[in-house]
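Understanding the architecture of this molecule
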Amino acid sequence: MNGSHGLQRFAGPPGSLLEQRSAQMRQLEQCEMCGTPVAARHGHVVDTKRRSLMCACRACFLLFTRGAARRSRYRAVPERYLWDPPRPVTRNEWERLDIPVSSAFVLRADTGITAFHPSPAGATERPLNPGFWTEFAAAHPLVAVAESDVEAILFRCRADEVDCFLVPIDVCYRLVGTVRLYWSGMDGGDQVRDHIDALFAEIRAKAGAFAGGAR
């Protein structure tokens with residue numbers, strides 16, 4: 001995992017837990033389900049009961065893919081990236097989401113839909129206006145195809161546009177970990193901005209075009 005999924009809970013733990021988890025992952029690259037050693041790049045499984053992310057070997061990952069895990073507390077994190085260029089998010093829509101920073105992600109779970117944004121202390125939960133989110137989802141069908149617990153809708157507001165991607169939830173862990181690790185000073189500093197730019201460039205390169213309502 002290379003220390004990038006140190007965030008154990010979506011709501012964001014204290015910094016000490018993030019740092020401890022990252023150190024553990026640097027030392028022990030192994031499947032957290034069976035103990036098998038894994039490569040630096042490997043799959044992940046969400047424990048939906050604990051709302052935590054687990055490193056997984058390929059065999060354990062396949063046990064919890066969508067078809068095999070409908071009734072399980074464990075869900076394999078898909079590897080798809082999507083965006084919808086014909087239906088861009090407007091600045092007005094972004095402002096109505098009422099996110100105080102330039103990036104955020106929205107996750108659907110059994111408990112409902114929740115927004116989070118990265119901060120130096122971890123992931124900060126952000127309430128959503130249910131009425132506006134319903135309106136937003138109707139205008140942006142990409143939102144509806146995100147699989148609960150394991151995929152998120154990731155936003156980034158820039159000067160001239162608002163990026164909106166469907167991504168694996170572990171990408172959001174990477175974003176939160178990046179901010180936590182590289183933030184400095186009052187505004188974050190150039191280093192954290194460079195790393196965030198690189199992450200979003202990677203996401204954009206991987207993202208395929210969303211085709212209507214197809215999953």
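A few points on the structure. On a predicted model such as this, the values are computed, not experimentally measured, just so you know. (Residues numbered from 1 in each chain as written. Predicted model: local features only at pLDDT ≥ 70, side-chain atom pairs only at ≥ 80, totals over all residues. Heavy atoms only, no water.)

**Things to note about the nonpolar core**
For clarity, the threshold we go by: Throughout, nonpolar core names a set of buried Ala, Val, Leu, Ile, Met, Phe, Trp, Tyr and Cys residues whose side chains join them through atoms within 4.5 Å. Relative accessibility decides the category of a residue: with a 1.4 Å probe and only protein chains considered, values under 20% of the type maximum give buried, values over 50% give exposed, and everything between is partly exposed. Helical segments are the DSSP runs of H or I of at least four residues, strand segments are the runs of E of at least two, and each set is numbered from the N terminus. Note on definitions: a residue-residue contact is assigned when non-hydrogen atoms from the two residues lie within 4.5 Å.
Among the nonpolar cores identified, the biggest contains 26 residues, and Phe105, Leu154, Val167, Ile169, Val171, Phe200 and Ile203 are the most heavily contacted of them. Of all the elements in the fold, those that place two or more residues in this core are strand 5 (103-109), strand 8 (151-157), strand 9 (162-168), helix 5 (169-182) and helix 6 (189-206). The biggest single contributor to this core is helix 5, with 7 residues. Apart from the residues within four sequence positions on either side, Ile203 is in contact with Tyr81, Leu154, Phe165, Val167 and Val171.

**A short note on the sheet that holds strand 7 (residues 122-126)**
Counted only if it meets this: By this definition, two strands are paired if DSSP reports at least two bridges between them. Angles here are taken between N-to-C directions and fall from 0 to 180 degrees, while the axes themselves are lines fitted to C-alpha atoms, restricted in helices to the stretch in contact.
In space, the 7 strands of this open sheet follow the order 7-6-5-8-9-4-10, with mixed pairing throughout. Because the sheet does not close on itself, it has two edges, and the strands there are strand 7 and strand 10 (208-209). Relative to strand 6 (residues 112-119), strand 5 runs antiparallel, the two being bridged by 5 bridges. Directly across from Ala109, in strand 6, lies its bridge partner Gly112. Sheet strands touched by helix 5: strand 5, strand 6, strand 7, strand 8 and strand 9. Its angle to strand 9, the strand with the most contacts, is close to 120°. Each of strand 4 (82-83), strand 5, strand 8, strand 9 and strand 10 touches helix 6; the most contacted strand, strand 8, lies at about 125° to it.

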